[in-house]
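Coordinates in review
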Amino acid sequence: MANNDDLHGSAPDSHPVALLLVDVINPLDFPEADDFLRHALPAARKIASLKRKAAEAGVPAIYANDNFGRWRSDLQAVVRRCLEPACKGRPLCEALRPGEEDYFVLKPKHSAFYSTTLDILLGALETRSLVVCGFAANICVLFTANDAYMRDFRLVIPSDCVASNTTEENAAALAQMTKVLKADVGPSEGVDFAALVGG
């Protein structure tokens with residue numbers, strides 16, 4: 001029988017802060033993919049840096065990823081698909097490929113909370129603050145942030161760690177999340193995980 005360390009890996013069993021990565025493993029199988037990738041790649045590099053910073057602080061990373069209509073898939077199947085040479089989303093997947101210590105939930109719709117186990121996972125982790133990154137800011141990140149706000153999570157959404165099809169759509173989504181959801185949308189360099197733990 002496996003011991004607890006084998007069952008849980010190196011990820012913490014509880015933490016007041018979590019890094020939530022929304023749809024960062026993405027095949028970009030849509031007409032505007034080339035334009036979107038121009039915005040998403042710089043954000044992916046910032047997310048990768050923030051994820052390393054989170055790991056150093058002991059903050060768990062949770063991937064909330066669309067199954068893109070493939071109901072027999074799991075996260076590893078989505079990763080394999082996105083690492084195929086012809087896949088437009090390959091650069092994002094290479095930058096943000098999940099590690100063994102990361103958590104994940106597969107989502108069927110826009111919000112990472114809708115019909116997923118995310119609520120239960122965050123409850124088990126005793127998380128109260130969410131640092132949300134990913135794609136697209138004006139769709140899945142926004143829907144996820146709305147649901148997080150209604151559940152009384154403190155929200156940090158680093159402005160350089162999200163992307164949309166256009167800069168205008170991205171700016172509008174960030175403005176909405178700031179005004180309505182009381183989210184902190186400062187740049188990722190200002191994210192202080194220790195302060196979030198104490199806050």
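Here the residue numbers are simple positions, counted from 1 along each chain's written sequence. Residues qualify for local features only when their pLDDT is at least 70, as the model is predicted, and side-chain atom pairs are given and counted only at 80 or more; totals for whole chains, interfaces and linings, by contrast, use all residues. The side-chain numbers reported here are obtained from all heavy atoms of the structure, hydrogens and water having been left aside.

Thoughts on the overall build of the protein chain
By the criteria applied, helices consist of DSSP H or I runs no shorter than four residues and strands consist of E runs no shorter than two, each listed in order from the N terminus. The helix and strand inventory of the protein chain stands at eight helices and six strands. Only the C-alpha atoms count toward the radius of gyration. The rule for a globule is 2.2 Å times the residue count to the power 0.38. Against the 2.2 N^0.38 benchmark of 16 Å for 199 residues, the protein chain shows a C-alpha radius of gyration of 16 Å, consistent with a compact globule. Each principal axis of the C-alpha distribution contributes one length, and for the protein chain these read about 45 × 40 × 30 Å. Taking all 199 residues of the protein chain together, 48% fall into the buried category. Counted over contacts in the protein chain with a minimum sequence separation of 6, partners at least 24 positions apart contribute 81%. Under the convention used here, a 1.4 Å probe and the Shrake-Rupley method define accessible areas, while residue burial counts only the protein chains that appear. Of the roughly 10,000 Å² of accessible surface on the protein chain, a fraction of 52% belongs to carbon and sulfur atoms. Positive and negative side-chain charges of the protein chain, numbering 20 and 26 respectively, have mean locations separated by a distance of 4 Å. Here's how the labels work: a residue is buried when its accessible area is under 20% of the maximum for its type, exposed when over 50%, partly exposed in between, all with a 1.4 Å probe on protein chains only. Between two residues, a contact is recorded if the distance between any of their heavy atoms is within 4.5 Å. Only four residue types enter the tally: Lys and Arg on the positive side, Asp and Glu on the negative side; His and the chain ends are excluded. Taken as the charge location is NZ of Lys, CZ of Arg, CG of Asp or CD of Glu.

As for the nonpolar core
For soluble globular proteins, nonpolar side chains are generally found buried alongside one another. Judged by nonpolar contacts, the single largest core of 37 residues is most densely connected at L19, V131, F135 and F193. Mapped onto this core, the elements with two or more residues apiece are β1 (17-22), α2 (33-56), β2 (61-66), α3 (75-82), α4 (90-96), β4 (129-135) and α8 (193-198). It is α2 that provides the largest number of residues to this core, a total of 10 residues. Look past the residues within four positions of F135 in its chain and what remains in contact with it is V22, D23, V24, F36, A40, A43, A44, I47, L92, C140, V141 and A163. As used here, the term nonpolar core means buried Ala, Val, Leu, Ile, Met, Phe, Trp, Tyr and Cys residues forming a set that is joined through side-chain atoms within 4.5 Å.

Quick word on the side chain of H15
Locating H15 in the fold gives a position in the loop between α1 (4-8) and β1. For the purposes of these results, a polar contact is taken to be a pair of N or O atoms within 3.5 Å, where, inside protein, one atom must be able to donate a hydrogen and its partner to accept one; residues adjacent in sequence count only when each atom of the pair is a side-chain atom. Only 3.1 Å separates the side chain of H15 from the backbone nitrogen of V17, close enough to count as a polar contact. In this view, H15 contacts A57, G58, V59, P60, L125, E126, T127 and V197; residues no more than four positions away in its chain are not counted.

So, α2
With 24 residues, α2 should reach 34 Å at 1.5 Å per residue; the first-to-last C-alpha distance of 33 Å fits that figure. Bend at a residue means the angle formed by two fitted axes: the first through the 7 residues ending at that position, the second through the 7 residues beginning there. The largest bend along α2 reaches roughly 30° and is located at H39, with the proline P42 sitting one to four residues downstream. Inspection of α2 places A33, F36, L37, A40, A43, A44, I47, A48, L50, K51 and A54 among the buried residues, and these make up the whole buried set. Here the buried face of α2 lies against β1, β2, α4, β4, β6 (162-163) and α8. What a helix is expected to span follows from its residue count: subtract one and scale by 1.5 Å.

Things to note about the packing of aromatic side chains
Ring geometry is summarised as follows: Phe, Tyr and Trp rings, the Trp one being its six-membered ring, pair when their centres sit within 6.5 Å, and such pairs are stacked at plane angles under 30 degrees, edge-to-face over 60 and tilted between the two. Enumeration according to the criterion identifies three aromatic pairs in this entry. Ring centres of F30 and F36 lie 5.9 Å apart, and the angle between their planes is 70°; this geometry places the pair in the edge-to-face category. Centre to centre, the rings of F113 and F153 are 6.2 Å apart; their planes meet at 40°, and the pair counts as tilted. Here F153 lies in the loop between α6 (137-150) and β5 (154-156) and F113 lies in the loop between β3 (103-107) and α5 (118-125), a separation of 40 residues in the sequence. Relative accessible area serves as the criterion here: at 5%, F113 is assigned to the buried category.

Re the pairing of β3
The two faces of β3 differ: Y103, V105 and K107 on one face are buried, but F104 and L106 on the other face are not. As paired strands, β2 and β3 are joined by five bridges and run parallel to one another. Across the sheet, N65 pairs through a bridge with L106, a residue of β3. At least two DSSP bridges between two strands are needed for those strands to be called paired.

Examining the pattern of salt bridges
Pairing of side chains with opposite charge becomes possible as their charged atoms draw close. Any carboxyl oxygen of Asp or Glu within 4 Å of a side-chain nitrogen of Lys or Arg constitutes a salt bridge here. In total, this model carries nine salt bridges according to the counting rule given. Where E189 meets K46, a salt bridge forms, and the shortest distance between an N and an O atom there is 3.1 Å. Note that E189 is positioned in the loop between α7 (167-179) and α8 and K46 in helix α2, a separation of 143 residues in sequence. K46 sits in the partly exposed class, given a relative accessible area of 31%. K107 is paired through a salt bridge with D66; the nearest N and O atoms lie 3.9 Å apart. Placement of the pair is K107 in strand β3 and D66 in strand β2, with a sequence separation of 41 residues. Assessed through its relative accessible area of 1%, K107 is described here as buried.

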